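Chain and residue survey
Residue-level listing of the chains:
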Amino acid sequence: MKPTVVSADVLFEDHRGQLKWEWVAGLGASERRFDEVAVRKARSGADLVGYLNYIHPYRVQILGEREVAYLTNATQEDCARRISRIVTLEPPVLVLTDGQAAPEALLSMCERAQIPMFSTPEPSAFVIDVLRAYLSKHFAERTSMHGVFMDILGLGVLITGESGLGKSELGLELITRGNGLVADDAVDLYRVNQTTIEGRCPELLQNLLEVRGIGLLDIRAIFGETAVRRKMRLRLIVHLVRRETMEREYERLPYEPLTQDVLGVPVRKAVIPVVAGRNMAVLVEAAVRNTILQLRGVDTYQEFVERHRRAMEKGS
């Protein structure tokens, strides 16, 4: 699902400091919002922000030096027609960039049509980059998953599994080994672009880890600032199972790397059976190291298959 659309006043306040902009017209339309149909159809924040373009309605229209010149360097009749056409685009907001002065006809049009217009001294490209990143995250498809989300050796790893297998205890041991906690129990996942899933902790649970028999632990207070992370890109799911589940449902040596679909993005997956006496923290770190090798193009299993093939050819 996608969140509720953002209004002009929220967009303005969230970037007042970063973009140093002023509200120069259409102040009475502070509740003006993005078109919900356009938001649903948008593949990313890039579809919701761009330079003035008459074939892309319902998006934030950026007016830099060239765009203002196009609106003003023509006959009076042509200028009036070009400015009036902006109304048909139904933009949630117009943004004047590069420190451009607002043409009087454009100000009047925004007041009549109740279209908010902001003015900033920042360059157009910077404004577009900032707003695209913001809107991509705000309108990202999202879901929640149960598990412990961690930064392990620089990789975003979600530890999932059957109830009672000690996921939180494993997370605690990994923290003592120098890894970082993002979220315990509930993890908010966002698809910020076509190939990237970002995981964050719900505000209510930030820095907290629940360990059975001990209760809630404030990881930041106990282990310090470096033991927690605000967010991480999800790169690996480590799924813990009982031994009988492993034997029944999974191959011992899968020919292809396992993946799990999260918001339409395939995420690598490692399945580890939980057996008394196994050092789970070491196994998880080994799975992470192996994944890092795979991401770099090193596939140990395929190398073994090739080695086995050469040995058979040599023997025959």
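Keep in mind it's a predicted model, so treat the numbers as computed, not measured.

A closer look at the overall build of the chain
- Along the chain, the regular secondary structure elements total twelve helices and 14 strands.
- Its C-alpha atoms give the chain a radius of gyration of 26 Å, more than 25% over the compact-globule value 20 Å for 316 residues.
- Counting only C-alpha atoms and orienting by the principal axes, one finds that the chain spans roughly 85 × 60 × 30 Å.
- Within the chain, the proportion of its 316 residues that are buried is 44%.
- Split by element, the accessible area of the chain, about 17,000 Å² in all, is 50% carbon and sulfur.

What to know about the environment of Thr160
- Tracing the chain through its elements places Thr160 in strand S7 (residues 155-161).
- The spacing of Thr160 and Val148 is twelve residues in sequence and 6.7 Å in space, taken between C-alpha atoms.
- Not counting the four nearest positions on each side in its chain, Thr160 is found in contact with His146, Lys167, Ile237, Val238, His239 and Leu240.

Some thoughts on the UniProt feature "binding site: ATP" (unreviewed entry) in the chain
- Mapped onto the present numbering, the UniProt feature "binding site: ATP" (unreviewed entry) falls on Gly161, Glu162, Ser163, Gly164, Leu165, Gly166, Lys167 and Ser168.
- With respect to the secondary-structure elements, Lys167 resides in helix H8 (residues 167-176).
- Beyond its immediate chain neighbours, meaning those up to four positions away, Lys167 contacts His146, Val148, Ile159, Thr160, Gly161, Glu162 and Leu240.
- Among the polar contacts made by the side chain of Lys167, one reaches the main-chain carbonyl oxygen of Glu162 at a distance of 3.4 Å.
- Among residues more than four places away in sequence, those in contact with Ser168 are Val148, Asp184, Leu209 and Glu210.
- A distance of 3.0 Å separates a polar atom in the side chain of Ser168 from a polar atom in the side chain of Asp184.

Some details on the sheet that holds strand S4 (residues 94-96)
- Here five strands make up an open sheet; going across it, the order is S1-S5-S4-S3-S2 and the pairing mixed. Every interior strand has two partners, whereas the edge strands, strand S1 (22-25) and strand S2 (49-51), have only one. Strand-to-strand twist in this sheet, taken as the mean axis angle between neighbours without regard to direction, amounts to 30°.
- Summarising the sheet, S4 and strand S5 (residues 117-119) pair through three bridges and their orientation is parallel. In the strand pairing of S5, Leu94 is matched with Met117.

Details of the side chain of Ser7
- Take Ser7: it is sitting in the segment before helix H1 (8-14).
- In this structure Ser7 comes out as buried when scored by relative accessible area, which is 5%.
- Looking at Ser7, its side chain comes within polar contact range of the side chain of Asp9, at 2.4 Å.
- In this structure, Ser7 is in contact with Ser30, Glu31, Arg32 and Arg33, ignoring residues within four places of it in sequence.

Focus on unusual backbone geometry
- Its identity is not glycine, yet Asp98 carries a phi of approximately 60°, on the positive side.
- In this structure, Asp98 sits in the loop between S4 and helix H6 (104-113).

Things to note about the pairing of strand S12 (residues 231-242)
- With six bridges connecting them, S7 and S12 associate as parallel partners. Note on S12: the bridge partner recorded for Val157 is Leu236.
- Note that strand S9 (residues 197-200) and S12 share three bridges and pair antiparallel. Residue Glu198 lies in a different strand from S12, and its bridge partner there is Arg233.
- In the sheet, S12 pairs with strand S14 (residues 265-274) via seven bridges, with the strands oriented parallel. Considered in S14, the bridge of Val238 is made with Ala270.

The rules behind each value
Residues numbered from 1 in each chain as written. Predicted model: local features only at pLDDT ≥ 70, side-chain atom pairs only at ≥ 80, totals over all residues. Heavy atoms only, no water. Helix = DSSP H or I, 4+ residues; strand = E, 2+ residues; numbered from the N terminus. Rg over C-alpha atoms; globule rule 2.2 N^0.38 Å. Buried < 20%, exposed > 50% of the residue type's maximum accessible area, 1.4 Å probe, protein only. Areas by Shrake-Rupley, 256 points an atom, 1.4 Å probe, with all protein chains shown as cover. Contact = heavy atoms within 4.5 Å. UniProt positions renumbered as here; feature names shortened; annotations may be inferred. Polar contact = N/O pair within 3.5 Å; in protein donor to acceptor, adjacent residues only side chain to side chain. Pairing = 2+ DSSP bridges. Axes fitted to C-alpha atoms, helices over the stretch in contact; angles between N-to-C directions.

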